[in-house]
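Structure assessment
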Number of protein chains: 2
Amino acid sequence: YLFLFTTSHLTPFTSNFPDRSFGFLEDGTFKQRYLTSDVYWHKPGESMPFGQASYSDSKHLNYLTSEQALADFAILIKNVKSTLPGAQHSPVISIGGSYGGMLSAWFRMKYPNIVVGALAASAPIWQFPGMVPCGAFYKTVTQDFAKSGYNCEVNIRKSWSAINNISSSASGLVWLSEEFSLCGPLKNKNDVGSFKNWLQETWVNLAMVDYPYEANFLQPLPRWPIQAVCKYLTMDSTVSDKLLLQGVAQAAKVYYNYTGSTSCLNISQTATGNLGILGWFYQSCTEMVMPMCTDGVGDMFEPEEWNFQAFSDECNAMFGVRPRADWAEVVYGGKDISAHSNIIFSNGGLDPWSAGGVTHNISESLVSIMIPDGAHHLDLRYSNKHDPPTVRAARTLELMYFKEWIRQAKRPHRSHSHYRL
Amino acid sequence: YLFLFTTSHLTPFTSNFPDRSFGFLEDGTFKQRYLTSDVYWHKPGESMPFGQASYSDSKHLNYLTSEQALADFAILIKNVKSTLPGAQHSPVISIGGSYGGMLSAWFRMKYPNIVVGALAASAPIWQFPGMVPCGAFYKTVTQDFAKSGYNCEVNIRKSWSAINNISSSASGLVWLSEEFSLCGPLKNKNDVGSFKNWLQETWVNLAMVDYPYEANFLQPLPRWPIQAVCKYLTMDSTVSDKLLLQGVAQAAKVYYNYTGSTSCLNISQTATGNLGILGWFYQSCTEMVMPMCTDGVGDMFEPEEWNFQAFSDECNAMFGVRPRADWAEVVYGGKDISAHSNIIFSNGGLDPWSAGGVTHNISESLVSIMIPDGAHHLDLRYSNKHDPPTVRAARTLELMYFKEWIRQAKRPHRSHSHYRL
């Protein structure tokens, strides 16, 4: 059988093979990178419609839509099936994680003629306006830290005011920059805002990759990295701001310098490698509008409301586009997806994205698999001796469904007569 | 309940309300005409994205796609439901005939969150490459004439060589032009070719509108118009070319001059009014590639093979675009639509488009209704005392399905738990 892999960390998978845009005015084709299950792919060549210019302006970015990606998958699979000997009648299953998981689910919804079923791992298809509370995401992050070490969540919650206090003086800014080994020193209030955002994203990323073994997804990290981080955050309530922040700095370095080879910490990035973050930001500025908020009560972060208008203005300034808040719901059905079939939604209990995922069965063939001690699409990773039994069971169940879908697809259709009047 | 009407005679329904194109580069909106079931619509204002310029060039025509039309329907319905008091929770059913029927079926396939079901009347969703024999369409036309009068099909079949014989002389061209009361005289071989195409399309149109009562769809016509036409085509095998063609001319005038008010026949048009024929031609040059052919054996026409390359060249010359032969199959599933639900495909046995329609049940909720003595989407027309019992029964059955879909939609969903591992 053929498997289409679309795993990605919120990374636009803009593959095109050959590209077919929805309009017929431009008829260009370009090469698309793809993997089949029996091939290790080491060749260069990302699926970039316009090469280096792909992200250059809104004219080029205009092709970066989920609808285009789905149509590209359809063309790709049809092409592979017609050119790969023996594949012509093979049922195909789409598998994806994160944004790739959303695409995987949507692909089955929109193209059930192309794939007999889909695995959507850690796919937040409900992280859209009006579908889930905007604060649920950060609550999950907070819970991960609360259960990973004594006082861990409490100390992170306290760290924000400690940063505000220390950074109010020039000497405090120097001290902070040095304690965190920042590549560029913090100079003013704006820098401190960026610094806090960067720290917040660090904790979020740790929640996503809280895997039970050493891994290197967003950064090289030890097993159960939040536990490793929390070892530096056990101080009790009498701790001074500086001692607290020294602990936070050591905690952050677990994430940024586990290998010991990092000379300084750069607050303009939170992940190694190019995960297409600009492309994803463009998509969140167009179709993928995902409300997030914090209140400092149910979560350990500084309160910040979801402000669609401010977000829209930011998008307009950056890309010259404005997001369509209800687009994803109209096109992909929102909570009303019960007419579809053969999709597994798997979610990890540690993964903040599970807050926007499908975590209950919708019908007999739209099923949810919860992996309580799993982080972001743990089930799609290679198996590991440290895998918890829950993820092993999840994979077994997923394979069971795959086999059932393939069995269904190979069963000859009954013939039906029409109504003769 | 709200009903969305999308009937059309192979006419692009490019409604947009507000327009949302798939890209985000251009963000224009424009007015869209739509009907709700309790309103008779007499206001001017077609749904033309760029007004008079909508068909002006391929840049403007680039929005004329079925995918765009479906997305527009989704936005429209969402808008109507949120603004029409009491409509918020009303299940919606899409209803369409011909190309509108194809859109209706595809709309349910792609947007089951927006419509609980669809009636696709006389919708040739399989009139695409490799799905049905290219000659089936013209065979049905031929059968309609064969059973509507003695020697009718035989004499039309003979008429082509009679035209070739007569038009081989200058005096013959004059005679032909006068007999047919043509607005412009035939001058050369090219004109004769156009003349024959026009006659062929006339017979096709008659097959589409062979209704059991007076009607005015493509032209004002008597009841069972093919029978009226065939009254002039009963000559036996010894008839001369001229006598035969005099009969054909009188037959053609049944179609073009039933009201008696037509002063001359214009071979550049076969239907009154603007049915968006240019738009449809553009669509057939892009997504809606519908192979047709004749062999003069199973049908009454001059043999003509389906030549995709010649068609593609013609499209390129006219619009600067080339058709994508397999696009409709990839996007809309071709023969593999069994994963969908709640669609009625109704077809008329007299209608040549039934050759490309779904004329057998695919599943319990993808059902076919055949109306043996119905022409093109007869079931969608107003009821009439001359309606045959078969179309009355079809409408009853259609309503039965509508009620069932609405009942399903209103039934509270059972709650399901997820798999906890």
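Quick caveat, the model's predicted, so the values are computed rather than measured. (Residues numbered from 1 in each chain as written. Chains lettered and ligands numbered in written order. Predicted model: local features only at pLDDT ≥ 70, side-chain atom pairs only at ≥ 80, totals over all residues. Heavy atoms only, no water.)

Time to look at the overall build of chain A. For chain A, the count of helices and strands is 13 helices and 8 strands. The 421 residues of chain A split such that 56% are buried. Contacts spanning at least 24 positions in sequence make up 69% of the contacts within chain A whose residues lie at least 6 apart. (Helix = DSSP H or I, 4+ residues; strand = E, 2+ residues; numbered from the N terminus. Buried < 20%, exposed > 50% of the residue type's maximum accessible area, 1.4 Å probe, protein only. Contact = heavy atoms within 4.5 Å.)

Ranked by size, the top nonpolar core spans 223 residues in total, and within it F145(A), W203(A), W106(B), F145(B) and W203(B) carry the most contacts. The residues touching W106(B), leaving out its near neighbours within four places in the chain, are S66(B), L70(B), Y99(B), I125(B), F128(B), M288(B) and Y332(B). (Core = buried A, V, L, I, M, F, W, Y, C linked by side-chain atoms within 4.5 Å.)

Right, let's talk about the side chain of R395(B) for a bit. Structurally, R395(B) can be placed in helix α13 (residues 389-410). For R395(B), the contacting residues outside a window of four places in its chain are L378(B), D379(B), R381(B), Y382(B), S383(B) and D387(B).

Next up on the list: the environment of C293(A). Within the secondary structure, C293(A) sits in the loop between α10 (277-284) and α11 (308-319). Apart from the residues within four sequence positions on either side, C293(A) is in contact with C134(A), G135(A), Y138(A), E304(A), E305(A) and W306(A).

A few words on the packing of helix α10 (residues 277-284) of chain B against helix α11 (residues 308-319) of chain B. Residue and element names in this part refer to chain B. Axis separation between α10 and α11 bottoms out at 10 Å; the angle between their running directions is 125°. Considered as vectors, α10 and α11 are oriented oblique to each other. For the crossing formed where α10 meets α11, the hand is left-handed. Two secondary-structure elements touch here, α10 through L278, F281, Y282 and S284 and α11 through F311, E314, M318 and F319. (Axes fitted to C-alpha atoms, helices over the stretch in contact; angles between N-to-C directions. Parallel < 35°, antiparallel > 145°, perpendicular 65-115°, else oblique. Left-handed = near helix turned anticlockwise from the far one by under 90°.)

Attention now moves to the state of the cysteines. Residue and element names in this part refer to chain B. The tally for this structure, following the rule as stated, stands at 8 disulfides over all chains. Two residues, C183 and C264, share a disulfide whose sulfurs are 2.0 Å apart. With the S-S dihedral at roughly 95°, the linkage between C183 and C264 falls on the right-handed side. Remark: C264 occurs in the loop between α9 (241-256) and α10 and C183 occurs in the loop between α6 (170-179) and α7 (189-208); sequence separation between them is 81 residues. Among the residues examined, C264 registers a relative accessible area of 27% and is labelled partly exposed. When the bonded cysteines of chain A are counted from the start of the sequence, the pairing works out to 1-7, 2-4, 3-5, 6-8. (Disulfide = S-S within 2.5 Å.)

Glancing now at the packing of aromatic side chains. Residue and element names in this part refer to chain A. Applying the stated criterion across every chain, the model contains 43 aromatic pairs over all chains. Plain terms: the ring middles of F180 and F195 are 4.9 Å apart, the flat faces sit at 85° to each other, and that makes the pair edge-to-face. Separated by 15 residues along the polypeptide, F180 in the loop between α6 (170-179) and α7 (189-208) and F195 in helix α7 bring together distant segments of the chain. Looking at F195, the relative accessible area reads 0%, which means it is buried. Cluster of aromatic residues (ring-pair linked, three or more members): F137, Y138, W160, F301 and W353. (Phe/Tyr/Trp six-rings, centres within 6.5 Å; stacked < 30°, edge-to-face > 60°.)

Residue and element names in this part refer to chain B. Phi angles above zero are rare outside glycine, and W224 is one such case at about 40°. Topologically, W224 is positioned in the loop between β5 (220-221) and α8 (225-230). Although it is not a glycine, N342 sits at a positive phi angle of roughly 60°. With respect to the element layout, N342 can be found in the loop between α12 (327-332) and β6 (343-348).

Next up on the list: a nonpolar patch on the surface. All names here are of chain A. On the surface, a nonpolar cluster with roughly 290 Å² of combined accessible area is contributed by I277, L278 and M318. Its place among the elements puts L278 in helix α10. Residue classification places L278 among the partly exposed residues on the basis of a relative accessible area of 33%. (Patch = residues over 30% accessible without salt bridge, like charges linked within 9 Å, V, L, I, M, F, W, Y side chains within 5 Å. Areas by Shrake-Rupley, 256 points an atom, 1.4 Å probe, with all protein chains shown as cover. Salt bridge = Lys/Arg side-chain N within 4 Å of Asp/Glu carboxyl O.)

All names here are of chain B. Tracing the backbone through its elements, the reader meets Q219 in the loop between β4 (215-216) and β5. In this structure Q219 comes out as buried when scored by relative accessible area, which is 7%. The spacing of Q219 and D57 is 162 residues in sequence and 29 Å in space, taken between C-alpha atoms.

This next bit is on helix α5 (residues 152-166) of chain A. Residue and element names in this part refer to chain A. Taking 1.5 Å per residue as the helical rise, α5 with its 15 residues ought to reach 21 Å, and the 20 Å between its terminal C-alpha atoms agrees with that figure. Along α5, the largest kink reaches about 30° and is centred on S159. Restricting attention to buried positions, one finds in α5 the residues C152, E153, N155, I156, S159, W160, A162, I163 and I166. Elements in contact with the buried residues of α5: α4 (136-146), α6, α7, α8 (225-230) and α9 (241-256). (Expected span 1.5 Å × (residues − 1). Bend = angle between axes of the 7 residues up to and from the residue.)

Residue and element names in this part refer to chain A. Summed over all chains, the structure comprises 12 salt bridges over all chains. Close ionic contact of R157 with E153 constitutes a salt bridge, the shortest N to O distance being 2.3 Å. In this pair, R157 and E153 both sit in helix α5, 4 residues apart, roughly one turn of the helix.

Time to look at the confidence of the model for chain A. All names here are of chain A. Looking at chain A as a whole, the pLDDT averages 88, with 86% of positions reaching at least 70. Of the regions scoring below 50 in pLDDT, residues 1-20 engages in 102 contacts with residues more than four places distant in sequence or in other chains. Long-range and interchain partners of residues 39-44, a stretch whose pLDDT sits below 50, account for 3 contacts in this model, where long-range means more than four residues apart. Both scores are given for the predicted complex: the pTM is 0.83, the ipTM 0.76. (pLDDT = per-residue confidence, 0-100.)

Attention now goes to the side chain of N205(B). Residue and element names in this part refer to chain B. By the secondary structure assignment, N205 is in helix α7. For N205, a relative accessible area of 6% gives the class buried. Here T270 takes part through its side chain, which lies 3.3 Å from a polar atom of the side chain of N205. Every residue in contact with N205, bar those within four places of it in the chain, is listed here: L218, Y255 and T270. (Polar contact = N/O pair within 3.5 Å; in protein donor to acceptor, adjacent residues only side chain to side chain.)

Now for the pairing of strand β2 (residues 92-97) of chain A. Residues and elements named next belong to chain A. Buried residues dominate β2, accounting for 6 of its 6 residues. Alternating positions in β2 separate into two faces, V92, S94 and G96 on one and I93, I95 and G97 on the other, with burial throughout. As judged from the 5 bridges shared by β2 and strand β3 (residues 117-121), these two strands associate in the parallel manner. Within the sheet, the bridge partner assigned to I93 lies in β3 and is G117. (Pairing = 2+ DSSP bridges.)

For α7(B), built from 20 residues, the straight-helix expectation of 28 Å at 1.5 Å per residue is met to within 8% by its first-to-last C-alpha distance of 29 Å. Of the residues flanking the start of α7(B), the one acting as N-cap is N188(B), its side-chain oxygen 3.1 Å from the backbone nitrogen of N190(B).

So, on to the pairing of strand β7 (residues 366-371) of chain B. All names here are of chain B. Most of β7 is tucked away: 6 of the 6 residues are buried. Along β7, one buried face is formed by L366, S368 and M370 and the opposite face, lined by V367, I369 and I371, is buried too. Relative to β7, β6 runs parallel, the two being bridged by 6 bridges. In the strand pairing of β7, I344 is matched with V367.

Time to look at the environment of M102(A). Residue and element names in this part refer to chain A. Assignment of secondary structure puts M102 in helix α3 (residues 99-110). For M102, a relative accessible area of 0% gives the class buried. Each C-alpha atom, one on M102 and one on H386, is 27 Å from the other, the two residues being 284 residues apart in sequence. Apart from the residues lying within four places of it in its own chain, the contact partners of M102 are A123, P124, I125, F128, M288 and M290.

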